[in-house]
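What the coordinates show
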Amino acid sequence: KKSFSSGLTAMEKKLAEYKCNTNEAIQLKLVRFPEDLEDDNTTFNPEYSHQVFGDDEVAFGYKGLKILLYYIAGNLSTLFRIEYTSKVNEKFDCVEADDVESKIREIIPPGFCTNTDDFVSLLEKEVNFKPFGMLLHTYSVHNEEAGEDITYQIYKADMTCPGFREYHERLQTFLMWFIETASFIDVDDERWNYFLVFEKYNKDGATLFATVGYMTVYNYYVYPDKTRPRVSQMLILPPFQGEGHGAQLLETVHRYYMSSPTVLDITAEDPSENYVKLRDFVLVKLCQDLLCFSPGKLIQGFNQEMVMEAQQKLKINKQHTRRVYEILRLRATDMGDAEQSRSYRLDVKRRLIGPYKKKQRELAKMRRCLRPEELTNQLNQIDLNMQHEQLEESFQQLVSDYRRVLERLAQA
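Residues numbered from 1 in each chain as written. Predicted model: local features only at pLDDT ≥ 70, side-chain atom pairs only at ≥ 80, totals over all residues. Heavy atoms only, no water.

**Section: the packing of helix α9 (residues 245-258) against helix α10 (residues 273-287)**
Inclusion rule: Every angle, taken between N-to-C directions, lies between 0 and 180 degrees, and every axis is a line fitted to C-alpha atoms, over only the stretch in contact when it is a helix. Only runs of H or I of at least four residues qualify as helices and only runs of E of at least two qualify as strands under DSSP, and these elements are numbered from the N terminus. Here is the rule for angles: anything less than 35 degrees is roughly parallel, anything more than 145 is roughly antiparallel, 65 through 115 is roughly perpendicular, and the remaining ranges are oblique. Helix crossings get a hand from a simple test, with the near helix turned counterclockwise from the far one by less than a right angle marking a left-handed crossing and a clockwise turn marking a right-handed one. Contact between two residues is taken to exist if any of their heavy atoms lie within 4.5 Å; hydrogens are not considered. In this classification, the charged set is Asp, Glu, Lys and Arg, the nonpolar set is Ala, Val, Leu, Ile, Met, Phe, Trp, Tyr, Cys and Pro, and all remaining amino acids, among them Gly, are polar.
Interhelical geometry of α9 versus α10 gives an angle of 55° and a closest axis separation of 10 Å. By the angle between their directions, the pair α9 and α10 is classed as oblique. Between α9 and α10 the crossing geometry is right-handed. Between α9 and α10, the residues in contact are Gly246, Ala247, Leu250, Glu251, His254 and Arg255 and Tyr275, Leu278, Arg279, Phe281, Val282, Leu283, Lys285 and Leu286, respectively. Here the contact of α9 with α10 is composed, by residue class, of 8 nonpolar, 2 polar and 4 charged.

And the structure:
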């Protein structure tokens, strides 16, 4: 018996050597120049690969596994190759290696290269690539490394743009690696709008365009003659993150819809924490000059005028307007002054307590129709002391989030 168990662990040890973390194995690149292929500094890795490789994000059966997914910076033509130093041998180990290739093929569209020479020859044609759709906004960002200003452009595209459908298929594969709950959208539905960010760069005296990121927005119909655009997915590719492109993109999208009389307001689908922070910053930046948000009016509290003005002028919905109000009111409040800070705290907590109040109303209803022993279970869930603690905690968290937005605003 003993020898069997030690034999098993030797086998397990051997098999464990053939497990690779797929977030490390997958190597992504956005290639502008042939030398980028050999340069490790241009490589980046996924944050997530669970949608393709399962919850533990592991590929079994290989040592030194590398899954190369290289994209040409502009039109995203793809090179896909798998490399490894060794692979389990079925005859010898009685186990089969994962079929990594077919898993990747499921999410990347057909028509990719499998060898580097083909990819490099496609790179030479990249000079012909131009952004899709209509130019909405141009801005520049000072780049420390290059020591110069780099120009970026935001375009609005749709599926009628020649070549855009195929390009979008390649672009959306990035969602799987960087958005935890990503899914591909139904591109045949004409209610989708696509907003794309490109960088202009020079190569051998020509101007080329590199893909930076994008946003998809779905236009919901609101009776009788309005629409409510809902932000679905937004991604700035990792090499460009932290440079302010997300804020430029979101503000540009807001400005695009602001000019449309049929748009009611803009919402978002299941927003991430990072997106909420970004949205707070952009909306506060847009709203801070509205008359209804002047310091004198902020101190008097949240009102219907703010809701109306933010919606009509900037297409911001009521819930988001309330957050904007709280952030701007924090800026106008001297938190060192006991009276001012108490008034602010009460104002925000009154909103935070809303969901609790709703629960208590539901309980009162239950009291009328539940047996006593069922009721105690329900009541035990809502303890007043806990409420106060939770409220205070939520309030402190909000204030620190709000302060970060105001710091960023002060630097903008």
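**Considerations on the nonpolar core**
Heads up, the condition is: Here, nonpolar core refers to any group of buried Ala, Val, Leu, Ile, Met, Phe, Trp, Tyr and Cys residues whose side-chain atoms link them within 4.5 Å. For each residue, the accessible area found with a 1.4 Å probe, counting protein chains only, is set against the maximum for its type, and the residue is called buried under 20%, exposed over 50%, and partly exposed in between.
Judged by nonpolar contacts, the single largest core of 109 residues is most densely connected at Phe174, Trp177 and Phe293. Setting aside residues up to four positions removed in sequence, Phe174 forms contacts with Leu30, Phe44, Tyr71, Leu76, Leu235 and Leu237. Listed in part, the 9 residues of the second largest apolar core include Leu37, Ile72, Phe119 and Leu123.

**Points about the sheet that holds strand β14 (residues 267-268)**
Test applied: A pair of strands is labelled paired if DSSP reports no fewer than 2 bridges between them.
Taken in spatial order, the 6 strands make up an open sheet running β9-β10-β11-β12-β13-β14, and their pairing is mixed. Of all strands in the sheet, those with a lone pairing partner are β9 (134-143) and β14, marking the two edges.

**Examining the pairing of strand β12 (residues 206-222)**
Counting buried positions over the 17 residues of β12 gives 13, a clear majority of the element. Both strand β11 (residues 192-203) and β12 contribute to a ladder of 12 bridges, which runs antiparallel. Note on β12: the bridge partner recorded for Lys203 is Ala206. As defined by bridge partners, β12 adjoins strand β13 (residues 226-236) across 10 bridges and the pair is classed as antiparallel. By the bridge assignment, Thr216 is partnered in β13 with Gln233.

**Some details on the UniProt feature "active site" (unreviewed entry) in the protein**
To be explicit about the condition: UniProt positions are given in the numbering used here, feature names are shortened, and annotations may be inferred rather than shown by experiment.
Following the UniProt record, one finds the feature "active site" (unreviewed entry) at Glu269. For Glu269, the position within the fold is in the loop between β14 and α10. With sequence-adjacent residues up to four places away left out, Glu269 is seen in contact with Arg230, Val231 and Ser232.

**A look at the packing of helix α12 (residues 304-314) against helix α13 (residues 318-332)**
Between α12 and α13, whose axes approach to 9 Å, the crossing angle comes to 115°. As the angle between them shows, α12 and α13 are arranged roughly perpendicular. The hand of the α12/α13 crossing is right-handed. Counting all contacts with α12, which are made through Met306, Val307 and Ala310, the residues of α13 involved are Lys318, Thr321 and Tyr325.

**Overview of the domain arrangement of the protein**
Defined as follows: These domain boundaries are the output of an automatic or database domain assignment. Salt bridge, as applied in this entry: a Lys or Arg side-chain nitrogen positioned within 4 Å of an Asp or Glu carboxyl oxygen.
We note that the domain assignment places domain 1 (12-126), domain 2 (130-330) and domain 3 (334-411) within the protein. Computed over C-alpha atoms, the centres of domain 1 and domain 2 are 31 Å apart. Taken together, the links from domain 1 to domain 2 amount to 1 salt bridge. Measuring nitrogen to oxygen at the nearest pair gives 2.9 Å for the salt bridge that ties Glu199 to Arg32.

**Some details on empty space enclosed by the protein**
Operational definition: Both site types are read off a 1 Å grid over the protein atoms alone. A 1.4 Å probe that fits but cannot get out defines a cavity, while an open set with protein on both sides within 12 Å along at least five of seven lines defines a pocket; lining residues have an atom within 4 Å of a point. Grid points are joined across faces, edges and corners, and a volume is the space filled by probe spheres set on the points.
Across all of its chains, the model carries 1 cavity of 30 Å³ or more by this definition. Estimates place the volume of the largest cavity at around 50 Å³. Forming the boundary of the largest cavity are His254, Ile266, Thr267, Ala268, Tyr275, Arg279, Leu283, Ile316 and His320. The set of elements that each furnish at least two residues to the lining of the largest cavity consists of β14 and α10. If one sorts the elements of the lining of the largest cavity by residue count, α10 sits on top with 3 residues. Looking at side-chain class alone, the lining of the largest cavity contains 5 nonpolar, 3 polar and 1 charged residues.

**Focus on the layout of surface pockets**
By volume, the largest pocket amounts to about 1600 Å³. Lining the largest pocket are 47 residues, with Met234, Ser272, Asn274, Tyr275 and Leu278 positioned closest to its centre. Mapped onto the lining of the largest pocket, the elements with two or more residues apiece are β9, β13, α9, α10 and α17 (384-411). Here the lining of the largest pocket takes 7 residues from α10, the largest share from any one element. Grouping the constituent residues of the lining of the largest pocket by class yields 20 nonpolar, 15 polar and 12 charged. Taken domain by domain, the lining of the largest pocket gets at least three of its residues from each of domain 2 (130-330) and domain 3 (334-411). Size it by volume and the second largest pocket reaches roughly 810 Å³.

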